[in-house]
Amino acid sequence: QVHLVESGGGLVQPGGSLRLSCAASGRVFQVYFMGWYRQAQGEERDLVASINLSDVTNYADSVKGRFTISRDPAKDTMYLQMNSLKPEDTAVYYCKTVAYGGLEYWGQGTQVTVWS
């Protein structure tokens, strides 16, 4: 079992920045994939960015050049630095990990609202 807790969401004006954190606990050594997803009201949950154990990253086209995913293995924490935020980035952001055996774990989500 892996337990995930997100933090760092909030209200920000367009052009602003936020940094989300996802702290993991439990059987973290079994995790090989980590990602950030978001779900806007009435929309499906979509992948925003992902990172693997080799620190290979992948981004949705809509956030390339603005968001950066990273991880700190020493703290079992993953981050999403979000810059140049736009109103369309408004959503609940979730972190997800996948462990060996295909087990998926999700955090509870953190709200990001971009408005002026």
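Residues numbered from 1 in each chain as written. Predicted model: local features only at pLDDT ≥ 70, side-chain atom pairs only at ≥ 80, totals over all residues. Heavy atoms only, no water.

(A) Geometry of the state of the cysteines. Applying the stated criterion to the full structure yields 1 disulfide. The disulfide partner of C22 is C95, and the gap between their sulfur atoms is 2.1 Å. Because the torsion about its S-S bond is 60 degrees, the bridge between C22 and C95 counts as right-handed. Of this pair, C22 sits in strand β3 (residues 18-26) while C95 sits in strand β9 (residues 91-99), and the two are 73 residues apart along the sequence. (Disulfide = S-S within 2.5 Å. Helix = DSSP H or I, 4+ residues; strand = E, 2+ residues; numbered from the N terminus.)

(B) Structural view of a nonpolar patch on the surface. On the surface, Y32, L53 and Y100 cluster together into a nonpolar patch covering about 300 Å² of accessible area. Its place among the elements puts Y100 in the loop between β9 and β10 (103-106). (Patch = residues over 30% accessible without salt bridge, like charges linked within 9 Å, V, L, I, M, F, W, Y side chains within 5 Å. Areas by Shrake-Rupley, 256 points an atom, 1.4 Å probe, with all protein chains shown as cover. Salt bridge = Lys/Arg side-chain N within 4 Å of Asp/Glu carboxyl O.)

(C) Structural context of the packing of aromatic side chains. Taken as a whole and judged by the stated rule, the model has 3 aromatic pairs. With a centroid separation of 6.3 Å and 85 degrees between ring planes, the pair formed by Y94 and W106 is classed as edge-to-face. Pair noted here: Y94 is in strand β9 and W106 is in strand β10, with a separation of 12 residues, a long-range link. Using a relative accessible area of 13% as the deciding quantity, one classes Y94 as buried. (Phe/Tyr/Trp six-rings, centres within 6.5 Å; stacked < 30°, edge-to-face > 60°. Buried < 20%, exposed > 50% of the residue type's maximum accessible area, 1.4 Å probe, protein only.)

(D) A look at the pattern of salt bridges. Considering all chains together, one arrives at 5 salt bridges under this definition. Of the charged contacts, one joins D55 and R71 as a salt bridge, the two residues approaching to 2.6 Å between their closest N and O atoms. Here the residue D55 occupies a position in the loop between β5 (45-52) and β6 (57-59), and R71 occupies one in strand β7 (residues 67-72), the gap between them amounting to 16 residues. Residue D55 is classed as partly exposed on the basis of its relative accessible area, which comes to 45%. Judged by relative accessible area, which is 22%, R71 ranks as partly exposed.

(E) Here's a closer look at the nonpolar core. Grouped together as the largest cluster of nonpolar side chains are 29 residues, with contacts concentrated most on W36, L80, M82 and Y93. Those elements that place two or more of their residues in this core are β1 (2-7), β3, β4 (31-39), β5, β7, β8 (77-82), β9 and β11 (110-114). (Core = buried A, V, L, I, M, F, W, Y, C linked by side-chain atoms within 4.5 Å.)

(F) Region of the structure containing the side chain of R38. Within the secondary structure layout, R38 lies in strand β4. Classification of R38 by relative accessible area gives buried; the value is 13%. Engagement of the side chain of R38 in a polar contact is seen with the side chain of D89, the distance being 2.9 Å. Contacts of R38, omitting those with residues within four sequence positions, involve E44, R45, D46, V48, S62, V63, F67, E88, D89, A91, V92 and Y93. (Polar contact = N/O pair within 3.5 Å; in protein donor to acceptor, adjacent residues only side chain to side chain. Contact = heavy atoms within 4.5 Å.)

(G) Region of interest: unusual backbone geometry. We note that D55 has phi near 65 degrees; this positive angle belongs to a residue other than glycine. We note that S84 has phi near 50 degrees; this positive angle belongs to a residue other than glycine. Looking at where S84 falls in the secondary structure, it is placed in the loop between β8 and β9. Looking at S84, the relative accessible area reads 41%, which means it is partly exposed.

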